[in-house]
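Residues per chain are reported as follows:
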Amino acid sequence: MKLKILLFILLCYHLSSAQVSDIAIEGIDIKWSHLFIDSSFIGYQIDSDGKNQFDFFNTNDDHILIRNNDMYVVLVNGIHAGMGAMVERINLSTGDKIWQAVYDKRTTGEYEFPSYMYINEENQLEIINFRSNGIYQFGESFWNQGKPSIRFFDIETGEQANEIIADQDDESIPLLHFFFERTKLVPRNNSLMYYNNGTYFADSIGIYGLELEKNGLRIDTLHQSFQWDTSKFTHYNESIFRHDDKFSVLTQFINIDNLTQEVKVHELNNNFEPINTHNISAGIDYEQVLDMTKFDNNGFELIGKHDVFTSNSLGISVYYFDSNAELVESYSFPQFTFYGFKSYKFKDQPGSLFARAIAIGGDTPYCLLQFFQSDGQGNVSLISENKIENRHAMAIRYLEQLENGDLIVLAHFSKLQEGSANGIFGTRFLELLRFSPDQINLISNTDNVNTSTPYLKIYPNPASHTLNITEGRGIEHFEIYDIHGRLIKSDIDFATQIDISDLGTGLYQLMSYDDTGRLRYISRLVKE
């Protein structure tokens, strides 16, 4: 196993105070805020139009780890994908940065993109990457093939202890395909497992994994877990999670021609052999592409994005399953977009918390941060809406409730450059925020549900002809959407009764708006 000394820029900072940002959220008293990155930290590059194109950093759930009272975050260079990353360890009590390390590949002609992060048996932060010397190109600017590299960081100091780099010129080391989040390099005992799935279209033979030495040499044959007849479906999708010594794989087969689908969750052992399979197709809309976004011992979460296969539907759905793959809760959000949306399933009570970021344009653009809470039965209420004047674009990257009840939000923000009409050319950075749940009127399981739950009350439900509505709380009009996110009825004036006799049998979403056009409630409606 060949170890190489760090040959590129590595910066480690040991700070005793948080990088405090200038963010101010109307109505929320932030306990602390931590600024991960500012464009001034890494400079800028000039794009083809001669404009200052700032690099910025991005992250996802695979690159975030909470252990004890600390958070470890890997932030990937976003504009020039894979040109290095930044790693930070943050104290969640104070927001202080404990250490920071950066591996910057922009000037080396190489690419390196983190795939998986965990704390290994040696108590090191181990980051497994796809790495390329830059000769493998997809189109003009996007690389999509590479070989493994591993970085080992001392979790106490942030210093890089070692690095393993696969020889890019060694033809015995397989060239691995990288395409967004649809492939992963994950640890397997003292080796690596490379997992690849296919694409949205029916050109894949199934799930397979390739076992590699940590230096990238092939040490085992292909692990073929499943193989499918691609003639039976038109679209195929999947995602994978590693937990403990097992893999969980979500597979989705869709036949647009006959409007059918099959959704399954497969459990694989450490040898990539199938252990168990659950068919979870019932209750999931076929006009979605599903992603398994969370998986632990309590169950898993699926996010469905409606606007992929059809041009006339828009929105997202959230599904929660228990550890036996039984559907526990599901929610639909017509007209919501996946980008900027995050969910959190409560551990000690029914329901969930949803965070949504909206960019508001105009002469003085700003952001809105919205929080919705569900009741565990498909009904959702807006509990807080907060204006952020000094931010012009925003996306929620992470949402978590800590043991004491405080909320942690990791958000990706943008500030426009002067004279710019959008957030593409401007300062981009990520901020971590901590605040008390009472700042957003979060309803706890100790509240009196009968008097405190702010959900719109509709009855009967199911209904066949007339829907009665009580406690509208400032509602001005309604809209009705089907489960595919399509608008069925609009501009329904508020009334205590709504005629739904012309609706077909099925499941719908009743959207309630106030006189400013703000969405206040989402209610699940069953038409008999």
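A brief report on the enclosed structure follows. Keep in mind it's a predicted model, so treat the numbers as computed, not measured.

## Some details on the overall build of the chain
Looking only at helices and strands, the chain has 2 helices and 40 strands in total. In the chain, buried positions account for 56% of the 528 residues. When contacts within the chain are restricted to residue pairs at least 6 apart in sequence, those whose partners lie at least 24 apart make up 51%. Just so you have it, the chain exposes about 22600 Å², and 47% of that area is on carbon and sulfur atoms.

## Considerations on the sheet that holds strand β30 (residues 380–388)
Read across the open sheet, the 8 strands follow the order β27-β28-β29-β30-β40-β39-β36-β37; overall the sheet is antiparallel. In this open sheet, the two edge strands, each paired with only one partner strand, are β27 (341–345) and β37 (487–493). Going from strand to strand, the sheet's axes swing by 20° on average, the running direction of each strand aside. Alignment of β30 against strand β40 (residues 519–527), held across 2 bridges, turns out to be antiparallel. Within β40, the residue paired with Val380 across the bridge is Ile522.

## Concerning the pattern of salt bridges
Should the charged atoms of two oppositely charged side chains come close, the side chains can pair. If you walk through the whole model with that rule in mind, you get 20 salt bridges. The partner of Glu389 in a salt bridge is Lys387, and the shortest N-O contact between them spans 3.6 Å. With a relative accessible area of 54%, Glu389 lands in the exposed category. We classify Lys387 as partly exposed; its relative accessible area is 25%. Its salt-bridge partner being Asp514, residue Arg520 comes within 3.8 Å of it at the nearest N-O pair. Judged by its relative accessible area of 4%, Asp514 falls in the buried class. Among the charged side chains, a network of salt bridges with common partners joins Glu112, Arg131, Arg151 and Glu163.

## A look at the nonpolar core
If you look at the biggest cluster of nonpolar residues, it comprises 27 residues, and the most contacted ones within it are Leu353, Phe371, Met394 and Ile440. The set of elements that each furnish at least two residues to this core consists of β28 (352–360), β29 (366–374), β30, β31 (393–401), β32 (407–416) and β33 (426–435). When sequence neighbours within four positions are dropped, the list of residues in contact with Ile440 reads Ile28, Leu353, Phe371, Ile383, Ser384, Leu407 and Phe435. Membership of the second largest hydrophobic core comes to 21 residues, among which are Ile164, Leu192, Met193 and Ile240.

## So, the packing of aromatic side chains
Inspection of every chain in the model, using the stated rule, returns 16 aromatic pairs. Ring geometry for Trp99 against Phe153: centres 6.4 Å apart, planes inclined by 20°, an arrangement best described as stacked. Highlighted residues: Trp99 in strand β9 (residues 97–104) and Phe153 in strand β12 (residues 145–154), separated in sequence by 54 residues. Phe153 shares its class with Trp99; the two are buried. Both rings, one in Phe295 and one in Phe300, keep their centres 5.4 Å apart while their planes meet at 5°; by these two values the pair is stacked. Members of the aromatic cluster, joined through ring pairs, are Tyr331, Phe333, Phe336, Phe341, Phe354 and Phe372. The residue whose ring lies beneath Arg151 is Tyr103, and the NZ or CZ to ring-centre distance is 3.7 Å. The lysine or arginine in question, Lys387, covers the ring of Tyr366, its NZ or CZ lying 4.3 Å from the ring centre.

Calculation rules
- Residues numbered from 1 in each chain as written.
- Predicted model: local features only at pLDDT ≥ 70, side-chain atom pairs only at ≥ 80, totals over all residues.
- Heavy atoms only, no water.
- Helix = DSSP H or I, 4+ residues; strand = E, 2+ residues; numbered from the N terminus.
- Buried < 20%, exposed > 50% of the residue type's maximum accessible area, 1.4 Å probe, protein only.
- Contact = heavy atoms within 4.5 Å.
- Areas by Shrake-Rupley, 256 points an atom, 1.4 Å probe, with all protein chains shown as cover.
- Pairing = 2+ DSSP bridges.
- Axes fitted to C-alpha atoms, helices over the stretch in contact; angles between N-to-C directions.
- Salt bridge = Lys/Arg side-chain N within 4 Å of Asp/Glu carboxyl O.
- Core = buried A, V, L, I, M, F, W, Y, C linked by side-chain atoms within 4.5 Å.
- Phe/Tyr/Trp six-rings, centres within 6.5 Å; stacked < 30°, edge-to-face > 60°.
- Lys NZ or Arg CZ within 6 Å of the ring centre and 35° of its normal.

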